[in-house]
Amino acid sequence: EDQVTQSPEALRLQEGESSSLNCSYTVSGLRGLFWYRQDPGKGPEFLFTLYSAGEEKEKERLKATLTKKESFLHITAPKPEDSATYLCAVGTSGTYKYIFGTGTRLKVLA
Amino acid sequence: DAGVIQSPRHEVTEMGQEVTLRCKPISGHNSLFWYRQTMMRGLELLIYFNNNVPIDDSGMPEDRFSAKMPNASFSTLKIQPSEPRDSAVYFCASRVEPAGQGHGYTFGSGTRLTVV
């Protein structure tokens, strides 16, 4: 069964304290791994797509990487405005569907 | 671009009442998705439309749920009769299919439904 697991469920960081969020997946054929950011009361906002192992994408303080079994979202020197829930999703071959993880709630303290 | 527009933002209704949620996708997007988000189960796909045609409604929990897309710029999700366990945030998302390289969904802001 296709599955996506995110860890940790919640993470508290001090401003400037770098860390990583994990998204592990088990799918029959990866058609893309997607990272989204979700702020309270809003819909998820698309951040990155990764397609193959070894691929990396960067945006400001965020960097996403992909292996054959998992993806990491690295946050370098985070700021309070980076506080949000980060969701990952995978698309599988032969289907349009995405399977979402349950997210990591990140809180960055000033 | 105004993005994906959902209405209402909040809905409180009594058990047994009919609820209709509305969505306007981004102009030019030919695929539309309805998702439900809860703390316990996260984001769950309810139904997927492509070119206004329902392609997969296997995620619709029961016959009480129905969805329509009469044209490319409007979709509704209806729950009749509503039950307290339907309380959740309902999201609509759209994108262009076939998806280009790196293209994810664009989500609306959601409708928070509370059934009492």
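The structure reproduced in this document is the subject of the present report. These numbers come from a predicted model, not from an experiment.

Parameters at a glance
- Residues numbered from 1 in each chain as written.
- Chains lettered and ligands numbered in written order.
- Predicted model: local features only at pLDDT ≥ 70, side-chain atom pairs only at ≥ 80, totals over all residues.
- Heavy atoms only, no water.
- Contact = heavy atoms within 4.5 Å.
- Buried area = accessible area lost by both parts, 1.4 Å probe.
- Salt bridge = Lys/Arg side-chain N within 4 Å of Asp/Glu carboxyl O.
- Polar contact = N/O pair within 3.5 Å; in protein donor to acceptor, adjacent residues only side chain to side chain.
- Helix = DSSP H or I, 4+ residues; strand = E, 2+ residues; numbered from the N terminus.
- Nonpolar A, V, L, I, M, F, W, Y, C, P; charged D, E, K, R; others polar.
- Phe/Tyr/Trp six-rings, centres within 6.5 Å; stacked < 30°, edge-to-face > 60°.
- Buried < 20%, exposed > 50% of the residue type's maximum accessible area, 1.4 Å probe, protein only.
- Pairing = 2+ DSSP bridges.
- Axes fitted to C-alpha atoms, helices over the stretch in contact; angles between N-to-C directions.

1. Some points on the interface of chain A and chain B
If you look at the interface, chain A gives 17 residues, while chain B gives 23 residues. For the pairing of chain A and chain B, the buried interface totals around 1,600 Å² over both sides, and the portion due to carbon and sulfur atoms is 53%. Three residues stand out in chain A for area buried against chain B, namely Tyr-96, Tyr-98 and Phe-100 of chain A, and they jointly supply 35% of the buried area on that side. Here chain A and chain B share zero salt bridges between them. At the surface where chain A touches chain B, the tally comes to four residue pairs in polar contact (both at pLDDT 80 or more). If you list the elements that add at least two residues to the side of chain A that touches chain B, you get strand 4 (30–38), strand 5 (45–50) and strand 10 (98–100) of chain A. Per-element tally for the side of chain A that touches chain B: the top contributor is strand 4 of chain A, with four residues. Classifying every residue of the side of chain A that touches chain B by side-chain character gives nine nonpolar, five polar and three charged.

2. Description of the packing of aromatic side chains
By the definition in use, this model includes 14 aromatic pairs over all chains. Seen from their ring centres, Tyr-105 of chain B and Phe-107 of chain B are 5.7 Å apart, and the 75 degrees between their planes marks the pair as edge-to-face. A single burial state applies to Tyr-105 of chain B and to Phe-107 of chain B, both of which are buried. An aromatic cluster is present here, built from Phe-34, Tyr-36, Phe-46, Tyr-98 and Phe-100 of chain A together with Phe-33, Tyr-35, Tyr-48, Phe-91, Tyr-105 and Phe-107 of chain B joined pairwise through their rings.

3. A few points about the sheet that holds strand 3 (residues 19–24) of chain B
All names here are of chain B. The strand order across the open sheet formed by four strands is 1-3-8-7, and the pairing between neighbours is antiparallel. Since the sheet does not close on itself, it has two edges, and those belong to strand 1 (5–7) and strand 7 (65–71), each with one partner. Each strand axis lies, on average, 15 degrees off the axis of its neighbour in the sheet, ignoring direction. With five bridges joining them, strand 7 and strand 8 (residues 74–79) adopt antiparallel strand pairing. For Lys-68, the partnering residue across the bridge sits in strand 8 and is Thr-76.

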